[in-house]
Number of protein chains: 2
Amino acid sequence: MNEYILGVDIGGTTIKIGQFDTNGTILNKWDVPTDRSNNGSNILKDIYTSISTKLDIESIRGIGFGVPGPVSNGIVFHCVNLGWGEKNVAEEFNHFIRDHYIEIKVSNDANVACAGEVYQGSAKGYKNVVLFTIGTGVGGGILVNGELVDGFTGAGGELGHIIVDRKYQLPCNCGKKGCLETVSSATGIVNLAKLKLKQSTNPSLLRQFDNFSAKRVFDLAKSGDALALEVVDEAADYLAYAMSLVTLTVNPELFVLGGGVSNAGEFLLDHIKAHYYSYVGPFVKNQKMVIASLGNDAGMFGAAYLVK
Amino acid sequence: MNEYILGVDIGGTTIKIGQFDTNGTILNKWDVPTDRSNNGSNILKDIYTSISTKLDIESIRGIGFGVPGPVSNGIVFHCVNLGWGEKNVAEEFNHFIRDHYIEIKVSNDANVACAGEVYQGSAKGYKNVVLFTIGTGVGGGILVNGELVDGFTGAGGELGHIIVDRKYQLPCNCGKKGCLETVSSATGIVNLAKLKLKQSTNPSLLRQFDNFSAKRVFDLAKSGDALALEVVDEAADYLAYAMSLVTLTVNPELFVLGGGVSNAGEFLLDHIKAHYYSYVGPFVKNQKMVIASLGNDAGMFGAAYLVK
């Protein structure tokens, strides 16, 4: 009989499920809406029902889950976006399976996104990798010797919440001020741009807009708008600093940048590199940095990686 | 026949060798002077000679080495203090052993000190531990899931060279400015004290001395000298910040502080804790932090841990 592994990326709105063969080739993928009612108590059952409708449960060798919250040793501590408190996903899911053994593993969604890029994305084959997912917020995932670093309280790879800025001191959702997320996420880049527009009367095409996106800032920076360029360079400097801290801690072979902001591609990487080496000094000469390639599917691939 | 493992900590002046049984109990330890002549080309032979004089080589199951330089995948990149360039320690040492197989592993001295505390010191039994060795400089060692994190270019755990200070910008031996080592090592604490003595006319018993040690600063701080207390608190703040960066990266179960400065004990830990939680925010509530217990023997114990 064929054997499959499944990667399940549980988001606040949608659950993405991928079916893989044991070589890591994706065979099928589908979505299930996330039912957040009753503290998300239907979520695991909905996943089981969806899977068992499509596949013979006995053909499944393992299921990996990515969840939006801290995880350690297989225990989810809480997922605000799902309504979950502490949860042993493997134990609960096995209630549905009953007489068949399926290996079940779970990790944080930002961590599994890193594993996804390692499994079938732009970090394929690497074993020591750090991913920064730069979107609305900044997430991080760390792989050391092929294993994700969840950390003791699930705070491993919470790279968006490293304090890097003591100048603007913008408030972060986590309750602190000056976290990487406040100055280098898509939101942070817009924050920085609006501050700079206020603090000077320098001309900028950004002044045409009441509101604008981080993409707009990047596009104008690429076309030579000086203020937009200053914003991009400052956001990249904060990222470079955070990457230096990670370098002098776990010293990965490869950094991967994902999330919407990473669509800026080589332009972003060049601005990061312009600052990075001054922070790492003699310890690293040629750091590999690439853009992620799996987009929103990274979590699904990485969840499968957990049980490959 | 009895089987032994050996831990060999190669320093710039002295090589410390420890003989352990397979349960990790130390049976014997001795020193060999480090011969740095001819680019340290006699060092491994001297170690072999010393070991083979004391022990039947066939009774040795494994030898771990700690070296004062960057190491990755068993390859030493360079050790300035020994005169070594790139070196495959296992391969070279095996030339002396010939017909008997001995497992040989090598890691950086600050990393093996961390492993030593895990093997038989104040982190005994833990698997996720970060050690800061705070002496003349600041070294670091990181253990994730029981394995040392050497890093891709051997820069794993180079925690003394994380840039934490942008105010004083003191030059570091690594060529950068504002590294943790410049403000929180024994040297750094004296630096901070001298700066503060210059910058104010506030009374302090430190003004009696032309020169003083970090220990003097701690002793006066403990007895209530306001300026000394300010210095200790600032050095502890920088350490707390560096520890928060490590927390949001690998999120260890336990931090261990070693080196001469850690003799300040709970007094130092209390000042660190007073700042640490403001940097980690909601991610960590009760971080365990302890003082190292093995002193200068930590490296020897940790080298043995590599082959236990």
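Note that the structure is predicted; figures quoted are calculated from it, not measured. (Residues numbered from 1 in each chain as written. Chains lettered and ligands numbered in written order. Predicted model: local features only at pLDDT ≥ 70, side-chain atom pairs only at ≥ 80, totals over all residues.)

### Some remarks on the overall build of chain A
Line of reasoning, step 1. Per the secondary structure count, chain A includes 10 helices and 13 strands.
Line of reasoning, step 2. Here the C-alpha radius of gyration of chain A, 20 Å, is about what a compact globule of 308 residues would show, namely 19 Å.
Line of reasoning, step 3. With the C-alpha coordinates aligned to their principal axes, the bounding extent of chain A is approximately 70 × 45 × 35 Å.
Line of reasoning, step 4. Expressed as a percentage of contacts within chain A between residues at least 6 apart in sequence, the contacts between residues at least 24 apart total 63%. (Helix = DSSP H or I, 4+ residues; strand = E, 2+ residues; numbered from the N terminus. Rg over C-alpha atoms; globule rule 2.2 N^0.38 Å. Contact = placed C-beta atoms within 7 Å.)

### Some points on the nonpolar core
Line of reasoning, step 1. In this structure, A:I162, A:V217, A:A242, B:I162, B:V217, B:A242 and B:A304 are the most contacted members of the largest nonpolar core, which totals 206 residues.
Line of reasoning, step 2. If near-sequence neighbours (up to four positions away) are discounted, B:I162 is found in contact with A:L245, A:L248, B:C179, B:L180, B:A242 and B:L245. (Core = buried A, V, L, I, M, F, W, Y, C linked by C-beta atoms within 7 Å. Buried ≥ 20, exposed ≤ 12 C-beta atoms within 10 Å, placed from the backbone.)

### Describing the sheet that holds strand β3 (residues 26-33) of chain A
All names here are of chain A.
Line of reasoning, step 1. If you trace the five strands from one edge of the open sheet to the other, you get β3-β2-β1-β4-β8, paired in mixed fashion. Looking at which strands have only one partner, the edges of the open sheet turn out to be β3 and β8 (103-108). Neighbour to neighbour, the strand axes of the sheet diverge by 15° on average, direction disregarded.
Line of reasoning, step 2. Bridge count for strand β1 (residues 4-10) against strand β2 (residues 14-21) is seven bridges, and the pairing is antiparallel. Note on β2: the bridge partner recorded for Y4 is D21. (Pairing = 2+ DSSP bridges. Axes fitted to C-alpha atoms, helices over the stretch in contact; angles between N-to-C directions.)

### Topic: the sheet that holds strand β5 (residues 71-72) of chain B
Residues and elements named next belong to chain B.
Line of reasoning, step 1. One open sheet accounts for three strands, arranged β5-β6-β7; its pairing is antiparallel. Looking at strand neighbours, the two that pair on one side only are β5 and β7 (87-88), the edges of this open sheet.
Line of reasoning, step 2. Here β5 runs beside strand β6 (residues 75-76); their pairing, made up of two bridges, is antiparallel. Among the inter-strand pairings, V71 is bridged to a residue of β6, identified as V76.

### So, the domain arrangement of chain A
All names here are of chain A.
Line of reasoning, step 1. Structurally, chain A comprises domain 1 (4-118 + 297-305) and domain 2 (126-292).
Line of reasoning, step 2. Put simply, the middle of domain 1 and the middle of domain 2, counted by C-alpha atoms, are 29 Å apart.
Line of reasoning, step 3. Taken together, the 14 residues of domain 1 in the interface contact 20 residues of domain 2.
Line of reasoning, step 4. Counting residues per element, the ones that place at least two in the side of domain 1 that touches domain 2 are β5 (71-72), β8 and α4 (109-120).
Line of reasoning, step 5. Take the side of domain 1 that touches domain 2: its biggest share by element is seven residues, from α4.
Line of reasoning, step 6. Partitioning the side of domain 1 that touches domain 2 into residue classes produces nine nonpolar, four polar and one charged. (Domains from an automatic or database assignment. Nonpolar A, V, L, I, M, F, W, Y, C, P; charged D, E, K, R; others polar.)

### Examining the interface of chain B and chain A
Line of reasoning, step 1. Listed per partner, the contact involves 34 residues of chain B and 34 residues of chain A.
Line of reasoning, step 2. Secondary structure elements with two or more residues in the side of chain B that touches chain A: β10 (138-144) and α8 (226-250) of chain B.
Line of reasoning, step 3. Grouping the amino acids of the side of chain B that touches chain A by side-chain chemistry returns 18 nonpolar, 12 polar and four charged.

### A look at the relation of the copies chain B and chain A
Line of reasoning, step 1. Each copy of the sequence occupies a distinct position, and chain B is placed on chain A by a rotation of 180° and an axial shift of 0.0 Å, giving an RMSD of 0.0 Å. What the rotation and shift describe, once combined, is the action of a two-fold rotation axis. Rotation axis and chain B: the residue whose C-alpha lies nearest the axis is B:L245, separated from it by 3.5 Å.
Line of reasoning, step 2. Both copies present the same face, since 100% of the interface residues in chain B are matched by interface residues at the equivalent positions in chain A. (Least-squares fit on C-alpha atoms with pLDDT ≥ 70 in both.)

### Structural notes on the pairing of strand β3 (residues 26-33) of chain B
Residues and elements named next belong to chain B.
Line of reasoning, step 1. Of all eight residues in β3, zero are buried, a share of ten percent or less.
Line of reasoning, step 2. Inspection of the sheet shows strand β2 (residues 14-21) paired to β3 by seven bridges, in the antiparallel sense. Note that in β3 the partner of I15 across the bridge is V32.
Line of reasoning, step 3. Once β2 ends, the chain turns through four residues before running back antiparallel as β3, passing G24 with a positive phi of about 90°.

### Brief notes about the confidence of the model for chain A
Line of reasoning, step 1. Residues at a pLDDT of 70 or more form 100% of chain A, whose mean pLDDT is 96.
Line of reasoning, step 2. This prediction of the complex comes with two scores: 0.95 for pTM and 0.95 for ipTM. (pLDDT = per-residue confidence, 0-100.)

### Regarding unusual backbone geometry
Line of reasoning, step 1. Positive phi outside glycine occurs at A:N251, with the angle close to 45°.
Line of reasoning, step 2. Residue placement: A:N251 occurs in the loop between α8 (226-250) and β12 (254-258).
Line of reasoning, step 3. Residue A:N251 is classed as buried on the basis of its 27 C-beta neighbours within 10 Å.
Line of reasoning, step 4. If you check the backbone angles, B:N39 has positive phi at about 50° while not being a glycine.
Line of reasoning, step 5. Within the secondary structure, B:N39 sits in helix α1 (residues 37-40).
Line of reasoning, step 6. Judged by C-beta crowding, with 13 C-beta atoms within 10 Å, B:N39 ranks as partly exposed.

### As for the pairing of β2(B)
Line of reasoning, step 1. Counting buried positions over the eight residues of β2(B) gives six, a clear majority of the element.
Line of reasoning, step 2. Here strand β1 (residues 4-10) of chain B folds back onto β2(B), and the loop between the two strands holds three residues.

### A look at α8(B)
Residues spaced three or four apart along an α-helix point in a common direction, a consequence of the helix completing one turn every 3.6 residues.
Line of reasoning, step 1. Between its first and last C-alpha atoms α8(B) spans 36 Å; for 25 residues at 1.5 Å apiece the expected length is 36 Å, and the two agree.
Line of reasoning, step 2. Burial analysis of α8(B) places 21 of its 25 residues in the buried class, the great majority of the element. (Expected span 1.5 Å × (residues − 1).)

### Some details on the environment of A:T136
Residue and element names in this part refer to chain A.
Line of reasoning, step 1. On the secondary structure map, T136 appears in the loop between β9 (129-134) and β10 (138-144).
Line of reasoning, step 2. The sequence separation of T136 and M289 amounts to 153 residues, and the corresponding C-alpha distance is 21 Å.
Line of reasoning, step 3. Apart from residues lying up to four places away in sequence, T136 is in contact with S185, A186 and T187.

### Comments concerning the packing of helix α2 (residues 43-54) of chain B against helix α3 (residues 89-97) of chain B
Residues and elements named next belong to chain B.
Line of reasoning, step 1. Running from amino to carboxyl end, α2 crosses α3 at an angle of 50°, the nearest separation of the two axes being 10 Å. What the angle tells us is that α2 and α3 run oblique. The chirality of how α2 crosses α3 is right-handed. Between α2 and α3, the contacting residues are L44, K45 and Y48 on the first element and V89, E92, F93 and F96 on the second.
Line of reasoning, step 2. Looking at side-chain class alone, the contact of α2 with α3 contains five nonpolar, no polar and two charged residues. (Parallel < 35°, antiparallel > 145°, perpendicular 65-115°, else oblique. Left-handed = near helix turned anticlockwise from the far one by under 90°.)

### Focus on the environment of B:A264
Line of reasoning, step 1. Inspection of the secondary structure puts B:A264 in the loop between β12 (254-258) and α9 (266-280).
Line of reasoning, step 2. Sequence separation of B:A264 and B:G299 is 35 residues, and the distance between their C-alpha atoms is 21 Å.

### Looking at the packing of α8(A) against helix α9 (residues 266-280) of chain A
Residues and elements named next belong to chain A.
Line of reasoning, step 1. Two elements in contact, α8 and α9, have axes whose closest approach is 7 Å; the angle formed by their N-to-C orientations is 50°. Put simply, α8 runs oblique to α9. As for the relative orientation of α8 and α9, their crossing is right-handed in sense. In this structure, α8 uses V232, D233, A236, D237, L239, A240, Y241, M243, S244, T247 and L248 to contact α9, whose residues at the interface are L268, H271, I272, H275, Y276, Y279 and V280.
Line of reasoning, step 2. Here the residues of the contact of α8 with α9 are counted per class, giving 12 nonpolar, four polar and two charged.

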